[in-house]
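Understanding the architecture of this molecule
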Amino acid sequence: MTDAGAPILEVVGASKRFPGVLALADVSFALAPGEVHALVGENGAGKSTLIKLLTGVYSPDSGEIRYAGEPVSFARPLDAQAAGISTIYQEVNLIPLMSVARNLYLGREPRNWLGLVDFRRMHREAGALLDRYGIDVDVRAPLGSLGLGAQQMVALARAVSVNARVVIMDEPTSSLEPREVDTLFRVIGELREQGVGTAYVSHRLDELYRICDRVTVLRDGRVVHTGPLAGLDRLRLVSLMLGRDVAEVRRHGLTQFSDSHAAVTNEPVLEARNLTKRHVLSDVSFDVRPGEVTGLGGLLGSGRSETAKAIVGALPVDHGSVVVAGRRLRRLSPAAAIRAGISLLPEDRKAEGIIPDLSVRENIVLAAMPRLSRAGVVSRAQQDRIVDAFMKRLRIKAASPNQKVSELSGGNQQKVMLARWLCLNPKVLLLDEPTRGIDVGAKAEVQQLIDELAQEGLAVVLISSDLEELVEGADRIVVLHAGGVVDELTGDDVNESHLMAAVAQDAGERSHD
Amino acid sequence: MTELTVSTPSVDRHRIARYLQVYGVYAAVAVLLIFNALFTDNFLAVSNLRTQLVQVSPVVIVALGMALVIGTEGIDLSVGSVMALAAAVLPMYLGYGVVPAILLALLAGMAVGALNGTLVAVVRLQPIVATLALFVGGRGLALVLAGGQLKQIHNSTLLAIGGDDVLGVPVIVLVAALLAIAVGFVVQRTTFGRQLVAIGGNRAASQLAGLPVRRVLLVTYIACGAFAALAGVLATARLTASDPSAIGNLMELSAITAVVVGGTPLSGGRVRVLGTVAGALLMQLLRATLIKHDLPDSMAQMVQAVIILVAVYVARERRSR
Amino acid sequence: MTYSKTEATVIETRAEPAPDGVAAPRRTEQAAALLQRHGALAVLIVVVLIATMVFPSFGTPDNAHNIAIQSSFLAVVALGMTFVIISGGIDLSVGSVFALGGVLAAYASRWGLLPALLLPLAVCGLIGAVNGVLVAKARMPAFIVTLASLLGARGLLLAITHQGADTFLVPKDSAFAKLGQGTLAGFGYPVYLAVAAFAVGGLVLQRTRLGQSVYAVGGSEDAASLMGLPVARIKIVVYLASGLLAGFAGALNAARLSSGVTILGVGMELDAIAAVVIGGTLLVGGAGTVSGTLCGVLLLGTIQNMINQIGSLDSSYQSVVSGAFLIVVVVVQTYLSRTQRIR
């Protein structure tokens, strides 16, 4: 039940620029007390920039932020927090080395009459707080020793316990089990009753429809729609997010993927066998066939990226093996994987992808350099040939191959990364979140490229948190949960409801402890 | 729908800062040269220029090795101690001939480098900690080997290396110049050099791309040790005495200063060889200017401190707000 | 100089298939944690026992007093260093600041006890504050900033002593001299002051909000900032404390030697770092104790004493042993922290 009274937190006509990109243009957003307001948009639409404005990480270049009716200017996150705006992020932004209790009360530890921290009271109150939310952990344990889901629940408990008037949740369920999601929603219900305003950012439409009252849609840095969620058709919501016609979305699906591809042959080109690593992967096995797109599905933290890394030898395993074209790889290392014809496009291109100060050319040839050199000296001519070819094929927009790669847009950077792996002529291409954080146009191009590569006979493994992308792009989906394979969807079973069921089913069976 | 790109004033500020970082050191060297040419007696005299170049050469040699290490986002605090070690080893084996003695001294430096490299690349210690241990213990080791004594050098070949000219240029200066050219070539044009720079720019990405990260790091630290040992040998030859207690004192500071002032970022990913040479020259000229104008040593140190701070300030990564 | 955390941590923080709650820590992990925390103490006890058995003159009260007083100055400096390192930083200037503090104290001692303490505290505190501001606000790497301070402070030192020519003397029989030279129950006053400093420091670190914040900033600066902590202010406080403590230690040392010796403190920062690391504090920050540092300081002091006992050995052996020790400790520490499942 929302009261359309005076908003507790409001953004009026805000704009924010970064070098080379306009992240937000004239955005207005209003959150009422006791309301749960959904904030949706594609990657790169401006959601996280808007959140950072609301939480004091950034200041708007123009426009105004109003809190409880008064214009405010937060110089840093501390100010926003002190004012009563609390935030839960997608990554757990707590201190792993410190205990759960210390994390919960950091900055506001209970003190005794001497002014010293009262640990006994802190542990007691921490235990009580977590009990209220049904979170069963040892408050003295280091936060980092807990599962991601449990860590996220601790972050939730902290955010909610600071007597906030506004709580902002950025993709809060990406690492939660269904049971924990229920707890989260119960908490949100309580917040609503207390008159706290909640801003909920997520791309999981099911959840939005379950818990949110209103929705604001961002696209390319602007607000394209704001209004109540009830009565807004799902398809219409998605078409607003994508900027495409409803009928077109219904016809073509949500992504640029064409219909499924047929495997070139039934002989797998890559076999992952019994990959196991304590606490991370348990007995993961599956096959990948040329010409087919094999999806890896599961929640955040289910082990998809770890599986991909294990296959290319970037993550050491306790046991298990990888077989490529019938031959077992003796050594699992990135260099060995590359030699065997396996390439991995990592999930975090900033941390594990681009070499920011080097040129586009040098980034593309990074892995192929030994093949393009003579007696240890680099051959510019050979490099230029490859670079030109791939810049054309992938339509990489750059002033020249010598431009610093950090100056390119996210989409073009991702294409540079793809070029790096494709120029090695791989047999198997593993793609971990290939369209994350890039604009809609580049996203479409990448999806089309994946299609083309599969049609040309390449074996592709696709990891994506975007359910539509995964379902439409993959021909088969191997579903992971808690580090193990729980299901494999093929043919007509490859759809969203089956996928969600596959992930939830196992969790349900396990919850009898 | 394409991205909206907007050119903003902050981009120009970035560009100015970058120019300052890259070219600032050359400008500063030029300014000092001109200042001294005008206001310092006998500055442009050949004998003075010779002295300046001879004095700066060991620093250049060490700084070149340091630049390579810093390019990998590492640091080597042990270079001064390696110089002392080389100075201690050298006279011990002169009896077998100049060449074996020099080779053994270089080997000692490479051994230290190998140890540093193993700790950094295999054990994955932080470079500051790994090289700290050798900084602490290396000079002590050198003193133990030398019996704590200063030894006069009488070997004529070695003295010739230290004092004579080849084609009118002192041997030391020639070695430094040749080394600078070689390192510049390696960094720009060889696979090893480009891989080194990539590893410094983003180690995780380099690892995933199959680069031989451990091997490159190991070789880099070994090279740094070798260069430091070479500098120790040359300095000993010039001083005509092996003095492990004094040689290379504070050399790591001078080398790091030269590298940083010369525009090579501490965060790795770029190696500016010419800038490093210019950085060493700058500090040398600074010192010389202050001395020739009778300014005390204390002033030189404080000025050096300010210069380091300014150079790093200009070079630091900007976070957008 | 960057303190980049290794990629190993990045990989391991992602996945988490373990069920809710804590996977019961295995015995080996518990043992590793214990060793990490109290390893320094254990090694100290072992070394002291060995020394007492091997060297007859080691276990005497006189020798104990000796070790205590020799170590007390490094101890105070290392206390400040502990705070800085736990917060994720490093302070290379403490050696120069120590020497500067001594000279300033000796200079001001002609006017009495209070000036002799206040002048070094004021100047050295200022240097520490400047370090802190440059690191926290200008966001420059701590390594370079404190390296520059190392040079600048020593330059300042040379300037006020006319290039090291002047040596200021502490007036005999003054209250200040007594502070450095007096004894109580055989132990010099500086020993008690050092112990008191550690007691206060430990209390602040473990039991105050400021202390918790220091651990948080060292554990994850970004998270601490997002959790609302005043990160810049905390860092400035930490470097200020380091400067003050180094200056204080220098002043005490001058009181003991009755003069401000200018050549002191060279390399002291490395001994301080060594003591902190040997004591179990992680160099990346976020974990550590002052009691560990105290053990580290005593360990270094004991080793030095043992080498002196041997007599025939050069004092340069001490630095070799310290260096070797440092490597061993850090390698062990690294492997221990990797077996602990921080995910």
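Residues numbered from 1 in each chain as written. Chains lettered and ligands numbered in written order. Predicted model: local features only at pLDDT ≥ 70, side-chain atom pairs only at ≥ 80, totals over all residues.

Concerning the overall build of chain A
Note the following rule: Helix and strand assignments follow DSSP, with helices taken as H or I runs no shorter than four residues and strands as E runs no shorter than two, numbered in order from the N terminus. Counting other C-beta atoms within 10 Å of each residue's C-beta, where C-beta atoms are placed from the backbone, gives the exposure class: buried for 20 or more, exposed for 12 or fewer, partly exposed between. By the criterion used throughout, residues are in contact when their C-beta atoms, derived from the backbone, lie within 7 Å.
Of regular secondary structure, chain A possesses 18 helices and 22 strands. Projected onto its principal axes, the C-alpha coordinates of chain A cover approximately 70 × 50 × 50 Å. When each of the 513 residues of chain A is scored for burial, the buried share is 53%. For chain A, the proportion of contacts with a sequence separation of at least 24, taken over those separated by at least 6, is 68%.

Some remarks on the sheet that holds strand β11 (residues 270–277) of chain A
All names here are of chain A. Formally: DSSP calls a pair of strands paired once it identifies at least 2 bridges connecting them.
Read across the sheet, four strands follow the order β12-β11-β14-β15 without closing on themselves; strand pairing throughout is antiparallel. For this open sheet the edge positions go to β12 (281–288) and β15 (327–328), each flanked by a neighbour on one side alone. Pairing analysis gives two bridges linking strand β14 (residues 319–324) to β15, with the strands arranged antiparallel. The residue of β15 that forms the bridge with Val324 is Arg327.

Thoughts on the interface of chain C and chain B
Put simply, an interface is often sized by how much accessible area is lost when its parts join up. Operational definition: Each residue is assigned to one class: nonpolar for Ala, Val, Leu, Ile, Met, Phe, Trp, Tyr, Cys and Pro, charged for Asp, Glu, Lys and Arg, and polar for all the others, Gly among them.
Of the residues lining the interface, 40 residues belong to chain C; the matching set on chain B comes to 40 residues. Contributions of two or more residues to the side of chain C that touches chain B are made by α6 (142–160), α12 (268–278) and α14 (316–339) of chain C. In terms of residues, the side of chain C that touches chain B owes the most to one element, α14(C), which gives 13 residues. Of the residues assigned to the side of chain C that touches chain B, the class counts are 24 nonpolar, twelve polar and four charged.

Some details on unusual backbone geometry
The backbone of B:Glu73 shows a phi angle near 70°, a positive value even though the residue is not glycine. One can find B:Glu73 in the loop between α2 (46–71) and α3 (79–93). A positive phi angle is found at C:Ser258, which is not glycine, with a value near 65°. Examined against the element boundaries, C:Ser258 turns out to sit in the loop between α11 (231–257) and α12. Accessibility expressed as a C-beta count within 10 Å gives 18 for C:Ser258, which makes it partly exposed.

Quick word on the pairing of strand β3 (residues 36–40) of chain A
For a regular strand, side-chain orientation follows a simple rule: the groups alternate between the two sheet faces. Residues and elements named next belong to chain A. Burial of β3 is extensive: five of the five residues sit out of reach of the surface. A two-sided burial pattern is seen for β3, the buried positions comprising Val36, Ala38 and Val40 on one face and His37 and Leu39 on the other. When β3 meets strand β8 (residues 197–201), the two strands line up parallel, connected through four bridges. Within β8, the position partnered with His37 by the bridge is Ala199. Where β3 lies against strand β9 (residues 214–219), four bridges are found, and the strand directions are parallel. In the strand pairing of β9, His37 is matched with Arg214.

Quick notes on the sheet that holds strand β4 (residues 62–67) of chain A
Residue and element names in this part refer to chain A. For clarity, the cut-off: Lines fitted to the C-alpha atoms define the axes, with helices restricted to the stretch that makes contact. Angles between their N-to-C directions range from 0 to 180 degrees.
Spatial ordering of the open sheet is given by β2-β1-β4-β5, a layout of four strands whose pairing is antiparallel. Of all the strands in the sheet, just β2 (21–31) and β5 (70–72) have a single pairing partner and so form its edges. Direction aside, neighbouring strands of the sheet carry axes that sit 30° apart on average. In this sheet, β5 lies alongside β4 in antiparallel orientation, the contact comprising three bridges. When the sheet's bridge partners are listed, Ile65 is paired in β5 with Val72.

Notes on the domain arrangement of chain A
All names here are of chain A. Counted only if it meets this: Marked domain ranges trace back to an automatic or database domain assignment.
With domains assigned, chain A is organised as domain 1 (9–91 + 165–172 + 192–251), domain 2 (255–341 + 427–513) and domain 3 (349–425). Relative placement of domain 1 and domain 2: their C-alpha centres are 32 Å apart. Contacts between the two partners involve six residues from domain 1, matched on the other side by six residues from domain 2. In terms of residue class, the side of domain 1 that touches domain 2 is made up of one nonpolar, four polar and one charged.

Some words on the packing of α2(B) against helix α12 (residues 273–292) of chain B
Residue and element names in this part refer to chain B. Formally: Angle categories are assigned with fixed cut-offs, so that under 35 degrees is roughly parallel, over 145 is roughly antiparallel, 65 to 115 is roughly perpendicular, and the rest are oblique. In this scheme the handedness of a crossing depends on how the near helix is turned from the far one: anticlockwise by less than a right angle means left-handed, clockwise means right-handed.
Between α2 and α12, whose axes approach to 9 Å, the crossing angle comes to 140°. Taken as axis vectors, α2 and α12 run oblique relative to one another. The chirality of how α2 crosses α12 is right-handed. In contact with Gln52, Gln55, Val56, Val59, Val60, Ala63, Leu64 and Ala67 of α2, α12 contributes Val273, Thr276, Val277, Ala280, Leu281, Gln284 and Ala288. In terms of residue class, the contact of α2 with α12 is built from eleven nonpolar, four polar and no charged.

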